[in-house]
Each structure stands twice: as structure tokens, then as C-alpha cells.
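Structure at a glance
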Protein chains: 2
Amino acid sequence: MRGAVFYGTRDVRFEDHEAPGIIKPTDAILRLSATCICGSDLWFYRGVSPMPWGTAVGHEYCGIVEEVGSAVTSIKAGQFVVGSFFASDNTCPSCRAGYQSSCRQAELVLGAQAPRVRVPLADGTLVPTPGAPSGEQLPDLLALSDVMGTGWFGAVAANVEPGGTVVVVGDGAVGLLAVLSAKEMGAEKIVAMSGHEARSKLAREFGATEIVTERGERGVARINELTGGIGADSAIECVGTKESMAQAIEVTRVGGYLGFVGVPHGVPLDLQALFHTHIHIHGGPAPVRRFLPDLIDRVWSGKIHPGRVFDLKLPLERVAEGYRAMDERRAIKVFLQP
Amino acid sequence: MRGAVFYGTRDVRFEDHEAPGIIKPTDAILRLSATCICGSDLWFYRGVSPMPWGTAVGHEYCGIVEEVGSAVTSIKAGQFVVGSFFASDNTCPSCRAGYQSSCRQAELVLGAQAPRVRVPLADGTLVPTPGAPSGEQLPDLLALSDVMGTGWFGAVAANVEPGGTVVVVGDGAVGLLAVLSAKEMGAEKIVAMSGHEARSKLAREFGATEIVTERGERGVARINELTGGIGADSAIECVGTKESMAQAIEVTRVGGYLGFVGVPHGVPLDLQALFHTHIHIHGGPAPVRRFLPDLIDRVWSGKIHPGRVFDLKLPLERVAEGYRAMDERRAIKVFLQP
């Protein structure tokens, strides 16, 4: 089977590697209808995060169940399913608390930029759709596997409420979908911080009421103007750098909420500074599984179209080209058709 | 007028200094019925936090209004009042959001270890009691000015809920009153981390169901045992050191809540480590004013006795002795009678 394999900084190849098979009786094998490249894939692609050479990469997926292990009871071959990038049993105390990405048996799904993938803990991880989706629904459903669920969790973690003011830091796919999530949750004022024309256009279409192109102190000053000097009720941090976290903290009002879903890379937080802001902080790897049933409903009914973040569609064999386009910010997010 | 004046590390003297007078038309002058020494006073006493020499110290107070400025409308001479250590206007956006300690006009009350004190923003800061309190009620009412309100905020910030499991890190007066607060809020299992006999006895009387004497990894292991390997729903951090914060993070369950009210001193937080715990974090200088009406009711009706944390009562002129007793952990908290 051929799929995306990581060979070192800025080197992803479409190569032969071992086809997935059932390893544990709780596994399922999916034939993927669609897969994609994640903003977080750029961390290893750019050499910032470690990833062993020769790893089959990709963790966003949806498709048809081809085979299940002997212990799988609720998922059947032939079903169309969406699953989270974290496999979870959905029964342990962490899962029951709604944090399936901290499941005691959590396992990262890998090798999904391929025609087939093995998903561990199939019963806990996979959620079937009401039926076979149309080709047009595929991008929307695929987005639920990570990026939409992550934006949604960012908005939940930032306590977005009807009528509230929300600032989204980061105009990648997660940030854009955090805008969409805030809109769905009834926020009144949604500020997208973006200096990128195509991205800010999509942000507006997703529900952003204001675009702030400035960053740093000038960005804070603009948010202050837009909020009558008060700051945002909610800030959603979707990048994971020191600068973006500082930006998010500084735009949040006294006693407001900061949801952070950008994977932090070298972000020390000064607790003393935080102490005096009275900000609530919550975040982490999104427990996408918690939101899947609701988000599948919203997609199925045509209420939301998170798949619009895919602005480049390629056949799977051109995955390397997809990585380059995202690395160079020429594409927001790349959809891959196996 | 004679009161407590700071003269350098471990040097507080009872000395003549200028008697307070109305400076702004929004001020009030109180004749104090009782005052005390705060755990946070030990930070400057021990030379850890800066404090200019010659400063009249003390910030916890209750007493009778003697004089009000021309702009004060709701507070009258002769009323018995309790106020927060932070003066606040109680009308700005931060106050309306419930964060009076981040009031836009916030001013620290100082010089309260004295017979009289000036309280700025009297209308926003002071809350009258239903009548003149008895001598027995004085310690309970005085405790509301900071330490009880701080323990209460810690429990609020840690999202303590009926039936929940709470761990309190720190067995100072704030920690003990966080135990009392968690009990009032209906927590089912309340673990006080304390290796000090008198303190853990009081913790039990306030509602602690378990005492854990171990710290560090062994402390975490004990909490794990007590919570069926899950961790606490809520942790309340009442110290402010790197070690105590780490302890609080480690005992909190996945997706749980950490309220921190110990003033952080050199506590860097690794956001990446935090990311993977899914813990909610909230804290800061307690907005005591938010809780005062409710807490005065609870004291007035005899429901709570937070004044029990005062285990040493001295006449005000022996304030230096009080500081020594608290510094050496011979006293939990020192009550001073002007």
C-alpha cells in the first residue's frame, strides 16, 4: 500500500509501506474516503517536533469500515464512520468526564494519509454517520475528525456564550473553525486576528464580525477599541507560540476565559502575571469524540460547512505537494483523495 | 497614632505614625474593632517581596465608620462595616464582572494594623453588618475581610460542587478556610494536605474528611488512593510556591479544576505540560467584595465560624510578637485588638 511517509525535515514522500491489519481485537480497518494534512503536521515537517523517520503520517480520516477485530461490538463493516485523531475507549473516567483525548488507553491514530488506516479502540472512537454521505459532504465530515472538533473545543474551553465577545488568535484552519464554532454558539461579536486576505475573507463568511490585522500591542489596542476598553469575554488561542498565547491573554477581559488549542511549543507562562488578570484558562488536545455526534448532526443537516477550510484538493499521491503548499501558507488546508 | 510599621526584614514595630484622614471625597475613616496579621504579610516580613521601609502595614479590618468624605452616599458614620483588602468602586466593568480586586480604581488598603484606617472608595468597598456585632462575632467578621473571602474564592475558582472531591494544598489560614468553604459548598470528600497537628485538627473540624501528611510524589500517590486512581475534581492552591502549584496540578483529575489563591512567587508554568492535563485553571487576588454580603449573612446567622483560625489573640501593641509567632509557625493567624 502506498501512503505518506516522513523522511526528515520538509521531506514527506508517497511511498510503499505495510498495509494496516488488525493487531488488537478492538481494532478496525477503514478504507478512507478522504484524508488531509493538519496544521499540526507542520510541526514535525518543519523539524520543530520530533518524529521518527520512516513514520507513516496523517491522523484525520473518515471512510468505510472494512474489517473489525473480534472484540468490536458496535461498529460494523460497511458503515461510514468519522473518528477522532485520538483513539479512546470512551468508558474510562477521563472519557466519562468528556476528555477522550486523555483516555487512559488513548492512542494517536497514525498513517491516515493513505488508502487504509487502522483505528484502535473502534467502539469507543468511531461514530457512524446516518448513512452513506455524498461526495459533497465528504470535506465537511472529514473536518470533524480533528480541525473542526478542535476549533469547537477551543470555543467551549473559552466559555463562548450567546451575546458574548470572542477573539480568535490564529487564522489557520483551526482558528477559522473556532470562528464558525463561536458563531454557532451565539457569540455576538467575533473578532478574527488575521493579516491574510483569503483567510480573513473565509473568517467573515464563517461569522467573524471584525478582522484585526494588527498584532502585538497594536493588536491589543484595536481589540480594546472594539470592546469599549473592556477586552473580550473569550479568547481562543489556535497557534501555540509564546507570542500568540501572550496576545490571547492580553485581549481577554478581567475574569474572562481563554481556551487554548494550539499545541504549545516553548510557552512558559508566568503565573504571577496571570494571577493579576483573573483569566480562566482551559485547553489541551481537543476531546473531539465528545463533540462528534453533535457535529455530525450539524453537518448532516447542512447547518455547517467546516469543509470550506479545504482550499486545495489533491489526489493522495500528490501529498508532498500538499505539505509544501501548507508550509508556504499557499493553502489553508489540503484535502487528499485516496 | 500608633500602629504597625515595617522597618525591614523581620522588623515590624508598633510606632507613632500619621493618623489617617480623609484625602479624597470618596474615603471613609474607620475606628477598627479588630485587625490581624495576614499570611501574605510574611512575604515582605521575610524579605521575599519588596515593601518600602516605613510603611504602615496591615490590610484586614472591620470596625465602626467614624467619618466619611463628601462624596460618600451609602456608608454613614456609626455603621459597623467589613471591607475587602482591595478598595473598589464596585461599578466599573471589572467589578460588575465580579472581579472587584481588579477594579479599575483598585487600591490596596494599608495601615490597618492600627486603631484607625482610611478606606478609599467607601461606597464600593464597605459592607455594613445588620447591626452592632457582639465581641464573639468580631473574629468571624474580621476573617471575612481577606482570609475567608480568599478561601471561598479558591473554592469558587476550583469549581467545588456538591458531591465533589476537593484537595486543599496549604494548611495556613486560607487553606483551612478553603476547607470550610468546600464544606459549605457541599463537597463530599475534602482532603487537607497538612503535616501540622493543630492545623489538621482544625481542618477536620472545618469539614476535612481526610488528612494527607505526605507531600510531593508520595502525596500524589495518597490522593490517588483516596480517589480510586482518578484524582480530585477540584484542587485549591493556597501557598503560592512552585512546589505547591505542582502538587495541586498533580492531584487534579483529567479535566478537573484548579483554583489558585496563594500569591505566586517565582512560579513558571509549563503550558505544554498543562496542555496534556486538561485542567481548568483560575485564580488571582480574591474579589472578596463579591462574597461579602453572602459571607456576612453566614456569619451573622452563626452558620460559619471562620474566626476560629485565630489561635493567638494579642493587644495591638504586641503586633511584633504576632509577626514572630506566625513567621515561626507557632500561630496560624494572629488577632489584634486595638
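Computed from a predicted model, the values in this text were never measured in an experiment.

With respect to the overall build of chain A
Helix and strand content of chain A: 12 helices and 18 strands. Its C-alpha atoms give chain A a radius of gyration of 19 Å, within 12% of the compact-globule value 20 Å for 338 residues. Its C-alpha atoms put chain A at 60 × 40 × 40 Å along the principal axes. Looking at chain A residue by residue over its 338 residues, the buried ones come to 57%.

A look at the relation of the copies chain B and chain A
Superposition of chain B onto chain A requires a rotation of 180 degrees combined with a translation of 0.0 Å along the rotation axis, giving an RMSD of 0.0 Å. Such values leave the two copies arranged in the relation of a two-fold axis.

Some thoughts on the interface of chain B and chain A
With 27 residues of chain B at the interface, the matching set in chain A holds 27 residues. Contributions of two or more residues to the side of chain B that touches chain A are made by α2 (93–96), β14 (252–260), β15 (268–270), α10 (271–275) and β16 (280–283) of chain B. Per-element accounting of the side of chain B that touches chain A gives the leading share, four residues, to β16 of chain B. Of the residues assigned to the side of chain B that touches chain A, the class counts are 14 nonpolar, 11 polar and two charged. One ladder, built from three bridges, connects strand β15 (residues 268–270) of chain A with β15 of chain B; its direction is antiparallel.

Side note on the pairing of strand β1 (residues 2–6) of chain B
Residues and elements named next belong to chain B. For β1, the tally of buried residues reaches four of five residues, placing the bulk of the element in the interior. Across five bridges, β1 lies against strand β2 (residues 12–16) in antiparallel orientation. In the strand pairing of β2, Phe6 is matched with Val12. If you look at the hairpin formed by β1 and β2, you'll find five residues sitting between the two strands, and Gly8 has a positive phi there, around 130 degrees.

What to know about the domain arrangement of chain A
Residues and elements named next belong to chain A. According to the domain assignment, chain A contains domain 1 (2–146 + 287–337) and domain 2 (150–283). Distance between the C-alpha centres of domain 1 and domain 2: 26 Å. On the side of domain 2, 14 residues touch domain 1, which itself brings 15 residues to the contact. With three residues, the top contributor of residues to the side of domain 1 that touches domain 2 is helix α11 (residues 288–300).

Observations concerning the pairing of strand β8 (residues 116–119) of chain B
Residues and elements named next belong to chain B. Residues Arg116 and Arg118 line one face of β8 and the alternating positions Val117 and Val119 line the opposite face, and both faces are buried. Sheet topology note: the strand β3 (residues 28–36)/β8 ladder contains four bridges and is antiparallel. Across the sheet, Ala28 pairs through a bridge with Val119, a residue of β8.

Observations regarding helix α7 (residues 197–206) of chain A
Residue and element names in this part refer to chain A. Among all positions in α7, only Arg199, Ser200, Leu202, Ala203 and Phe206 are buried. Buried residues of α7, seen end-on, are gathered within an arc of 160 degrees and therefore sit on one face of the element. Packed against the buried residues of α7 are α6 (173–184), β11 (189–193) and β12 (210–212). Once α7 ends, the next one or two residues include Gly207, with phi positive near 130 degrees.

Thoughts on unusual backbone geometry
Residues and elements named next belong to chain B. Despite not being glycine, Leu121 shows a phi value in the positive range, around 50 degrees. Inspection of the secondary structure assignment puts Leu121 in the loop between β8 and α3 (122–125). You will see that His278, though not glycine, has its phi angle at about 60 degrees, which is positive. For His278, the position within the fold is in the loop between α10 and β16.

Thresholds applied
Residues numbered from 1 in each chain as written. Chains lettered and ligands numbered in written order. Predicted model: local features only at pLDDT ≥ 70, side-chain atom pairs only at ≥ 80, totals over all residues. Helix = DSSP H or I, 4+ residues; strand = E, 2+ residues; numbered from the N terminus. Rg over C-alpha atoms; globule rule 2.2 N^0.38 Å. Buried ≥ 20, exposed ≤ 12 C-beta atoms within 10 Å, placed from the backbone. Least-squares fit on C-alpha atoms with pLDDT ≥ 70 in both. Contact = placed C-beta atoms within 7 Å. Nonpolar A, V, L, I, M, F, W, Y, C, P; charged D, E, K, R; others polar. Pairing = 2+ DSSP bridges. Domains from an automatic or database assignment. Arc of directions from axis to C-beta.

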